[in-house]
Amino acid sequence: MNVDDLVRDALRAEAADTAPVPDGFADRVLAARRRRTRRGLLGAAAVTAVVVAVAVAVPVLDGSGKEDVRPASQTQTADVIAHPDQSPPRDLIAAGNTALAGYTTGKRIKLDNGDELFKRTFWVLDQKTGKYEKADKRWAWIDVAPGMRTAAVLEGELPARRIGLLNLLTGEVERWIPVDHPIAGVEWSPDGSRLSATAYSKNPDRLIDLPNDHPDNEPQPHGSRTGFMVVDVDSGKVGPFRSLPQKKTDDKFGMFLGNSREDLRWSHDGTLLYEQLAMGGDGENRKWYTQEGQKTKPPAGERYAGWPEAGLSPDGKTLAGDGSDKGSPIFDPATGKQIGKVPGQQLLAWADNKRIIAWGCDPKKCDGKGEFRNQLLLVTVGSRKAVPLSDFRKASDDYPGRWSPLFADR
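This report concerns the structure included in the present document.

**Observations concerning the sheet that holds strand β24 (residues 386-388)**
A sheet is described by the order of its strands in space; here four strands give the open sequence β21-β22-β23-β24, paired in antiparallel fashion. Looking at strand neighbours, the two that pair on one side only are β21 (346-350) and β24, the edges of this open sheet. Averaged over all pairs of adjacent strands, the angle between strand axes in this sheet comes to 35 degrees, irrespective of strand direction. The sheet contact formed by β21 and strand β22 (residues 355-360) spans four bridges and is antiparallel.

What follows is the structure, given as structure tokens:
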């Protein structure tokens, strides 16, 4: 019996005499255990003791008295779960401690007033079947929590006035958290206890029609971010609003030169927040803030972080670098010096301390069809080996069925 099974048995044994606890508590305990194990901070016996000690506060029965169903992302325990014949994927894809929680497709819709709306469609893992299903069309934004039992959702059209906590086993919103400032993006903290909620006065996914005399007659992005808030999920408490308007980088024609969507994201350790710069200068790729909204220096391990979503490895010893069709560099986060290279154009998420999920092409099978014909690969630091996880996306940046992955700890 593995440690997760021992933990669950302990929780079940104590459940009958327990009082209710906040939503998602058990998920965060188990997700935190996996992260600590991955980083070498606690042994299995110590983790079990910690979880059993708090088990008296964890319910494991649903309202009908039946035992909760274990999610597919935990029952399918193979180290690598690949479907190299599927694109978009239909069945669970996972590697190491990370799973494909879902994916998005998107298209631009012309509106009557001349604006255009970039509309996302979300596909999320159904934890009962292990298959990706189209999410309710109400959701304009979805972010999946560590453990993959809960997702934070926002209703469209954005910005929204409340955050929904969606149970991925039942498909129901279990709780709504109202906010005082309209928001258009949320992201879970690495430990699954908080959400960053980025506020906007307009929908950042709208492209605005410009006056007829403007030299560029295509609808353009706009800067309407007003600030952000940090939400404690257990209590539902929304922290103070922190003003953080987007910089007005307009040209002489009044065109906004940044990205409409500049959400606040979490640092590797969940202590700071950052925005990814649209056009970084002097090697600066991110602007860093405290949770109180004050500008600050980057964490030591993320000083040299660039565009890759993978960022810092779980143990903090290696950093994913910006890649090309010739591969992606791996850096020493302390010095910024390159210490390796892996196949793959874009490094997306660490599976563990040595393996990364990437967009790319198997080095033995690449046929020169360009950067847009790529598939999910599992690559290993110090190796040229690439294990296909999905089939290829079609080679077009604006192909309507082109999909973008969403990852979470499983």
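**Regarding a positive patch on the surface**
A cluster of basic side chains, namely K107, K119, K134 and K137, defines a positive patch on the protein surface. Mapped onto the elements, K119 comes out in strand β4 (residues 116-126).

**Description of the sheet that holds strand β20 (residues 338-342)**
One open sheet holds the three strands; their spatial order is β18-β19-β20, and the pairing between them is antiparallel. Edge strands, defined here as strands with exactly one partner in the open sheet, are β18 (319-320) and β20. Judged from the two bridges that link them, β18 and strand β19 (residues 328-331) form a sheet pairing that is antiparallel. Its bridge partner being in β19, L319 is matched across the sheet by F331.

**A short note on unusual backbone geometry**
Looking along the chain, the bond that leaves S87 and enters P88 is cis, with omega of -5 degrees. One can find P88 in the loop between β1 (80-81) and β2 (94-95). Along the chain, L158 connects to P159 via a cis peptide bond; the corresponding omega equals 0 degrees. Checked against the element boundaries, P159 lands in the loop between β7 (150-155) and β8 (160-167). Its identity is not glycine, yet M148 carries a phi of approximately 60 degrees, on the positive side. Checked against the element boundaries, M148 lands in the loop between β6 (139-144) and β7.

**Overview of the pairing of strand β9 (residues 173-188)**
Sheet topology note: the β8/β9 ladder contains six bridges and is antiparallel. Bridge pairing in β9 links I163 to I177. From the end of β8 to the start of β9, which pair antiparallel, there are five residues, and G171 there has a positive phi angle of about 75 degrees. Sheet topology note: the β9/strand β10 (residues 194-200) ladder contains five bridges and is antiparallel. Of the residues in β10, the one forming a bridge with I183 is A199. Linking β9 back to β10 in an antiparallel pair, the connection comprises five residues, with G192 at a positive phi of about 75 degrees.

**A closer look at the pattern of salt bridges**
Opposite charge on two side chains allows them to pair when their charged atoms are near. According to the stated counting rule, one finds 16 salt bridges in the structure shown. R206 is the partner of D115 in a salt bridge, and the nearest nitrogen-oxygen pair spans 3.2 Å. Here D115, found in the loop between β3 (98-110) and β4, pairs with R206, found in strand β11 (residues 206-207); they are 91 residues apart in sequence, far enough to count as distant. The salt bridge involving R265 is made with E187; its shortest N-O contact spans 3.0 Å. You can see R265 sitting in strand β14 (residues 265-266) and its partner E187 sitting in strand β9, a full 78 residues away along the chain. Salt bridges sharing common partners tie together R120, D205, R261 and D263.

**Overview of the nonpolar core**
By size, the foremost hydrophobic cluster in this structure holds 31 residues, and its most contacted members are Y132, I142, V144, M148 and L376. Only β2, β3, β4, β6, β7, β22, β23 (375-380) and β25 (403-409) provide two or more residues apiece to this core. Counting residues per element, this core draws most heavily on β3, which supplies four residues. Non-local contacts of M148, meaning those with residues more than four positions away in its chain, are made with S73, A99, L100, A101, L125, Q127, L168, A408, D409 and R410. Counting 22 residues, the second largest nonpolar core, distinct from the first, contains L154, A160, I163 and L195.

**Thoughts on the packing of aromatic side chains**
If you walk through the whole model with that rule in mind, you get six aromatic pairs. Plain terms: the ring middles of Y274 and W288 are 4.9 Å apart, the flat faces sit at 45 degrees to each other, and that makes the pair tilted. Residue Y274 is located in strand β15 (residues 273-276), and its partner W288 is located in strand β16 (residues 286-289); the two are separated by 14 residues in the primary sequence. Residue classification places W288 among the buried residues on the basis of a relative accessible area of 5%. An aromatic cluster of at least three residues, connected via ring pairs, comprises Y103, W123, Y132, W359 and W403. Positioned over the ring face of Y274 is R286, at 4.2 Å from the centre of the ring. The aromatic ring of W359 is capped on one face by R393, whose charged end is 3.7 Å from the ring centroid.

Parameters at a glance
Residues numbered from 1 in each chain as written. Predicted model: local features only at pLDDT ≥ 70, side-chain atom pairs only at ≥ 80, totals over all residues. Heavy atoms only, no water. Pairing = 2+ DSSP bridges. Helix = DSSP H or I, 4+ residues; strand = E, 2+ residues; numbered from the N terminus. Axes fitted to C-alpha atoms, helices over the stretch in contact; angles between N-to-C directions. Patch = residues over 30% accessible without salt bridge, like charges linked within 9 Å, V, L, I, M, F, W, Y side chains within 5 Å. Areas by Shrake-Rupley, 256 points an atom, 1.4 Å probe, with all protein chains shown as cover. Salt bridge = Lys/Arg side-chain N within 4 Å of Asp/Glu carboxyl O. Lys, Arg positive; Asp, Glu negative; His and termini not counted. Charge placed at Lys NZ, Arg CZ, Asp CG, Glu CD. Core = buried A, V, L, I, M, F, W, Y, C linked by side-chain atoms within 4.5 Å. Buried < 20%, exposed > 50% of the residue type's maximum accessible area, 1.4 Å probe, protein only. Contact = heavy atoms within 4.5 Å. Phe/Tyr/Trp six-rings, centres within 6.5 Å; stacked < 30°, edge-to-face > 60°. Lys NZ or Arg CZ within 6 Å of the ring centre and 35° of its normal.

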